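Listed here are the chains, written in short residue letters.
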Amino acid sequence: QVRLVESGGGLVQAGGSLRLSCAASGQFGNNGMGWFRQAPGKEREFVAAITWFNGKQYANSVRGRFTISRDNARNTMDLQMNSLKPEDTAVYYCAARKSPAITTGNPWDYWGQGTQVTVST
């Protein structure tokens with residue numbers, strides 16, 4: 001099993017920055033990792049993903065503003081979020097796959113508990 005724990009959410013003004021972190025433990029190795037988010041009343045959506053070898057994918061809505069990274073030695077993953085907008089407000093979830101590959105769709109096999117990001121106007 002894999003356990004994922006997010007940290008770093010909070011309240012920020014529009015135009016500001018936040019950095020989210022995800023720590024993985026358990027039977028974790030070269031798993032694909034990613035971030036998803038869910039706003040109130042909306043479905044969960046893909047934000048960004050990264051492979052062991054640093055291959056990356058981004059949602060169009062965050063490309064150029066968000067940067068995903070990972071530290072394979074520490075089994076951690078970060079999401080640097082800049083130029084935040086009110087529409088970025090959501091619960092952000094760390095996710096991992098059993099596969100080393102990443103995808104914008106399913107399946108993602110392991111999930112964190114989520115961290116709230118709120119962007120005020």
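Above this note sits the structure.
Conventions and cut-offs
- Residues numbered from 1 in each chain as written.
- Predicted model: local features only at pLDDT ≥ 70, side-chain atom pairs only at ≥ 80, totals over all residues.
- Heavy atoms only, no water.
- Helix = DSSP H or I, 4+ residues; strand = E, 2+ residues; numbered from the N terminus.
- Rg over C-alpha atoms; globule rule 2.2 N^0.38 Å.
- Buried < 20%, exposed > 50% of the residue type's maximum accessible area, 1.4 Å probe, protein only.
- Contact = heavy atoms within 4.5 Å.
- Areas by Shrake-Rupley, 256 points an atom, 1.4 Å probe, with all protein chains shown as cover.
- Lys, Arg positive; Asp, Glu negative; His and termini not counted.
- Charge placed at Lys NZ, Arg CZ, Asp CG, Glu CD.
- Pairing = 2+ DSSP bridges.
- Axes fitted to C-alpha atoms, helices over the stretch in contact; angles between N-to-C directions.
- Phe/Tyr/Trp six-rings, centres within 6.5 Å; stacked < 30°, edge-to-face > 60°.

So, the overall build of the protein chain
Scanning the protein chain from N- to C-terminus turns up 0 helices and 11 strands. Taking 14 Å as the expected radius of gyration for a compact globule of 121 residues, we find that the protein chain reaches 13 Å, a close match to that expectation. In terms of overall dimensions, the protein chain has a C-alpha envelope of 40 × 25 × 25 Å along the principal axes. Evaluated residue by residue, the protein chain yields a buried proportion of 45% over its 121 residues. Once local pairs closer than 6 in sequence are excluded, the contacts in the protein chain between residues at least 24 apart make up 59%. On the protein chain, roughly 6100 Å² of surface is accessible, and the fraction owed to carbon and sulfur atoms is 46%. Side-chain charges in the protein chain split into 13 positive and 8 negative, and the spacing between the mean points of these groups amounts to 3 Å.

Re the pairing of strand β11 (residues 115-120)
Because side chains alternate across β11, one face comprises the buried residues T115, V117 and V119, and the other comprises Q116, T118 and S120, none of which is buried. Strand direction decides the pairing type here: strand β2 (residues 10-13) and β11, joined by 4 bridges, are parallel. From the neighbouring strand, G10 faces β11, where its bridge partner is V117.

Section: the sheet that holds strand β3 (residues 18-26)
The sheet built from 4 strands is open, its strands ordered β1-β3-β8-β7 with antiparallel pairing. At either end of the open sheet lies a strand with only one pairing partner, and these are β1 (2-7) and β7 (66-71). Strand-to-strand twist in this sheet, taken as the mean axis angle between neighbours without regard to direction, amounts to 15°. Taken together, the 6 bridges between β7 and strand β8 (residues 76-81) define a ladder with antiparallel strand orientation. Pairing of R70 across the sheet is with M77, part of β8.

Regarding the packing of aromatic side chains
Enumeration over the complete set of coordinates arrives at 3 aromatic pairs. On the numbers, 5.6 Å between centres and 80° between planes, the contact of F36 with F46 is edge-to-face. With F36 in strand β4 (residues 33-38) and F46 in strand β5 (residues 45-50), the pair connects residues that are 10 residues apart, well separated along the chain. As far as burial versus exposure is concerned, F36 and F46 are alike and both buried.

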